[in-house]
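Analysis of the macromolecular model
Each chain, written out:
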Amino acid sequence: MTVCGGDPLPIGGGVPGPGVSGSLTGPNIDPLLNDISGLIASLSTAALEAQLFNVDSIALKAYGGQFSKRLRNGDIFEDCVKDIVNLQITPEQWADALDNVSVLNGPTSAESLAGTLPVGSIERQVAQDRNLTVGGQFGPGTVAWSSANDNRVWINPFYVNAGDALEGSSLIAHETLHNLGLIDSVIQGSSGLMSPTLLTIFRKSWELTALSSPPTL
Ligand SMILES: [Zn+2]
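What comes next is a walk through the structure. (Residues numbered from 1 in each chain as written. Predicted model: local features only at pLDDT ≥ 70, side-chain atom pairs only at ≥ 80, totals over all residues.)

What follows deals with the pairing of strand 1 (residues 102-105). Of the two faces of strand 1, only the one carrying V103 and N105 is buried; S102 and L104 on the other face are not. Note: strand 1 against strand 3 (residues 152-155), four bridges, orientation parallel. The partner of S102 across the bridge, within strand 3, is R152. (Buried ≥ 20, exposed ≤ 12 C-beta atoms within 10 Å, placed from the backbone. Helix = DSSP H or I, 4+ residues; strand = E, 2+ residues; numbered from the N terminus. Pairing = 2+ DSSP bridges.)

As structure tokens, this is what we get:
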């Protein structure tokens with residue numbers, strides 16, 4: 001399995017394929033994970049959630065930063081270049097979105113859902129009429145929610161695996177495409193827009209996020 005713009009990662013201790021150099025590396029989160037162990041022992045769910053959120057947001061921003069560097073340097077696969085063209089964005093736009101992303105805690109968010117939905121959409125109007133919140137989107141299985149209008153991405157701290165570079169990179173790459181105003185049906189490439197390379201990494205985050213479903217309005 002490969003990461004668009006990144007080096008293929010050995011999965012389950014596998015051996016990288018031919019022409020492969022290096023792999024994605026995560027930030028040093030060991031000290032924070034040690035803190036988490038202590039919190040689990042104290043059984044304080046709120047404190048655990050807050051600490052998990054810290055770790056997750058640091059990790060996701062680090063993974064996003066690595067991917068943005070590759071986008072800026074052109075260190076991406078040919079398939080990925082084609083995908084970016086088909087998505088009608090530039091590598092720089094995606095890199096800017098990754099560098100500037102604001103990661104927020106989702107389940108407790110009282111932020112207006114309407115403000116995250118495309119301007120002029122029916123969904124936005126319904127969300128406004130019903131006073132829906134971003135936190136309300138975080139039912140079972142929802143890992144992340146992104147604004148289609150700005151740089152905000154909300155996560156469920158319990159569902160993000162900060163130590164998994166592939167998962168984290170895929171997640172933040174996918175969510176920042178939403179920040180650029182792209183919706184899942186376009187990203188998913190239902191019209192055959194996307195190459196197998198990019199589809200492979202994003203399919204993983206769809207399975208996790210259930211974000212291919214529309215908001216529950
Ligand atoms: Zn999505």
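From this point, things continue past the structure.
Okay, the packing of helix 4 (residues 91-100) against helix 6 (residues 165-179) next. For the pair helix 4 and helix 6, interaxial distance at closest approach is 9 Å and the crossing angle is 105 degrees. Regarding the angle of helix 4 to helix 6, the classification is roughly perpendicular. For the pair formed by helix 4 and helix 6, the contact residues are W94, A97 and L98 on the first element and I172, T176 and N179 on the second. Within the contact of helix 4 with helix 6, the residues separate by chemical class into four nonpolar, two polar and no charged. (Axes fitted to C-alpha atoms, helices over the stretch in contact; angles between N-to-C directions. Parallel < 35°, antiparallel > 145°, perpendicular 65-115°, else oblique. Contact = placed C-beta atoms within 7 Å. Nonpolar A, V, L, I, M, F, W, Y, C, P; charged D, E, K, R; others polar.)

Burial of strand 3 is two-sided: the residues R152 and W154 facing one way and the residues V153 and I155 facing the other way are all buried. For strand 2 (residues 144-146) and strand 3, the ladder comprises three bridges, and the chain directions are antiparallel. Bridging from a neighbouring strand, W145 pairs with W154 of strand 3. Here strand 2 folds back onto strand 3, and the loop between the two strands holds five residues.

The next thing to look at is the sheet that holds strand 3. Adjacent strands of a sheet pair through backbone hydrogen bonds, lying either parallel or antiparallel. A sheet is described by the order of its strands in space; here three strands give the open sequence 1-3-2, paired in mixed fashion. Each edge of the open sheet carries a strand with a single partner, namely strand 1 and strand 2. With strand direction ignored, the average angle separating the axes of adjacent strands in the sheet is 25 degrees. The strands touched by helix 6 are strand 2 and strand 3; relative to strand 2, the strand with the most contacts, the crossing angle is about 30 degrees.

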